Amino acid sequence: MTPLLKTTALTVDYDQDRRMLQARGAISILVQPALNKINQRLAEEKPALVREGDIVASTWLPPIPSGPFKRLVLSEAKIAIGRFVPQTVSIEVTRECGCNCDHCLIKDGEGELETEEIFRVVDEALDLGASIITFTEGDPLLREDIFELISHVDSERAVVNIFTPGLEMTPEKAKKLKDAGLYNVLIGIYSKDPDVHDEIRGVPGAHEKAVDAIKMALDAGLLVTMSVHVNGESVSEIIDLYDFAKELGVHEFSIWEGIPKSPEECLTQIDRETILRFYRTVNRTPGGPRVFASTYFEGQMLGCMAGRRWIHVGVDGGVRPCPYICDVVGNVRERSLKEIWKEIRRSGDFETFRSDCPAQNQHLAL
């Protein structure tokens, strides 16, 4: 057993051979239930990557062991006594994007946060206990300071992810992302059929560029996740998409429940059972990428993370409990992230564990 975390009240040991975490000490009872969930995943599911010094259970979690993972464990102790921590903080860094997606919600606005403003938001997020920082919207690779933003995140406190459609990736940028300390790059591919993907992106050749971006990122030594948002009309495509992800050699295939624009796009209970069955089958089968599914992670395992373990900062500084909930609680240009987080928690809207997504019905009502 290797000591992963040691304080006067809590010690967490990690047995790398057995892939098991064990808590000891006065407050071990608070964190062991969370560790048991992770242990179960490590025992039953293949990891995204095993390296010499650590294991990446999922690209959505810090590696074990690491400084960010220690912080994740400590935040679970706080959550166990009702003091919820925004473990994940996502930040929209630009409106600029080479795509023309119909589902984009920010392309028609104006302005974005300045470098120093994002630095401050990151610092405040880390002080709140965040262990995962995600830069997103529209295409972070179009910000000249994206490498500075990544480097600004203290690697002993949090890992950094970015979402990109992949249009702007070059081998040079991939190397600079790696050198800046990027943990994981997420590239969305909506269909194995290039024509379908290009139609969704609104740009001819978007599929080819996304595939090339994945290859460049892998060549640079980055963790790479291929992601897709599914609705009731596209669940049947996840097998083909997974096979494509396997062919490309990514580390994880990430399935997110899409936000429906019509009742026909809503996921049914049968759809969700199909996703969960696929998730379990693939992750118990050796070889190929691991599968992440929000249907499981934010459904059965942790429940909806909005306002509980997640907070989202919009491109104009408006803060929401997650990227999908429309209601803005405050703006980081006017108030600190800590104050806004406290207001979200005081609202009482995010106290109950729920396995469904509250944003699903909210968007249908708009």
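Just so you know, these numbers come straight off a predicted model, no measurement behind them.

Rules used in this analysis
- Residues numbered from 1 in each chain as written.
- Predicted model: local features only at pLDDT ≥ 70, side-chain atom pairs only at ≥ 80, totals over all residues.
- Heavy atoms only, no water.
- 1 Å grid on protein atoms, 1.4 Å probe; cavity = no way out; pocket = protein on both sides within 12 Å on 5 of 7 lines; lining within 4 Å.
- Points joined across faces, edges and corners; volume = space filled by probe spheres on them.
- Helix = DSSP H or I, 4+ residues; strand = E, 2+ residues; numbered from the N terminus.
- Nonpolar A, V, L, I, M, F, W, Y, C, P; charged D, E, K, R; others polar.
- Expected span 1.5 Å × (residues − 1).
- Buried < 20%, exposed > 50% of the residue type's maximum accessible area, 1.4 Å probe, protein only.
- Arc of directions from axis to C-beta.
- Contact = heavy atoms within 4.5 Å.
- Patch = residues over 30% accessible without salt bridge, like charges linked within 9 Å, V, L, I, M, F, W, Y side chains within 5 Å.
- Areas by Shrake-Rupley, 256 points an atom, 1.4 Å probe, with all protein chains shown as cover.
- Salt bridge = Lys/Arg side-chain N within 4 Å of Asp/Glu carboxyl O.
- Lys, Arg positive; Asp, Glu negative; His and termini not counted.
- Charge placed at Lys NZ, Arg CZ, Asp CG, Glu CD.

1. Thoughts on empty space enclosed by the protein
Here comes step 1: Counted under the stated rule, the structure contains one cavity of 30 Å³ or more.
Here comes step 2: By volume, the largest cavity amounts to about 140 Å³.
Here comes step 3: Arg41, Glu45, Ser58, Leu61 and Arg290 are, among the 15 residues lining the largest cavity, the residues nearest its centre.
Here comes step 4: Those elements that provide at least two residues to the lining of the largest cavity are helix 1 (28-44), strand 12 (290-293) and helix 10 (294-301).
Here comes step 5: Of the residues assigned to the lining of the largest cavity, the class counts are 10 nonpolar, one polar and four charged.

2. Some details on helix 9 (residues 269-283)
Here comes step 1: The terminal C-alpha atoms of helix 9 lie 21 Å apart, and with 15 residues this matches the ideal 21 Å at 1.5 Å per residue to within 8%.
Here comes step 2: Every buried residue belonging to helix 9 is among Asp271, Ile275, Leu276, Phe278, Tyr279, Val282 and Asn283, and all of these are buried. All buried residues of helix 9 fall inside an arc of 160 degrees around its axis, so they share one side. Of the exposed residues in helix 9, those oriented more than 90 degrees away from the buried face are Ile270 and Arg277.
Here comes step 3: Of the surrounding elements, those touching the buried residues of helix 9 are helix 1, strand 10 (223-230), helix 8 (238-248), strand 11 (252-257), strand 12 and helix 10.

3. Some points on a negative patch on the surface
Here comes step 1: On the surface, Asp102, Asp193, Asp195 and Glu199 cluster together into a patch of negative charge.
Here comes step 2: Note that Glu199 resides in helix 6 (residues 194-201).

4. Describing the pattern of salt bridges
Here comes step 1: All told, the structure shown has 19 salt bridges when counted by the stated rule.
Here comes step 2: Between Glu44 and Arg41 there is a salt bridge, with the nearest N and O atoms lying 2.9 Å from each other. In this pair, Glu44 and Arg41 are both assigned in helix 1, three residues apart and thus about one turn of the helix distant.
Here comes step 3: Assessed through its relative accessible area of 13%, Arg41 is described here as buried.
Here comes step 4: Of the charged contacts, one joins Arg335 and Glu343 as a salt bridge, the two residues approaching to 2.7 Å between their closest N and O atoms.
Here comes step 5: Exposure remark for Arg335: the relative accessible area of 27% places this residue in the partly exposed category.
Here comes step 6: Among the charged side chains, a salt-bridge network with shared partners connects Arg41, Glu44, Glu45, Glu252, Arg284 and Arg290.

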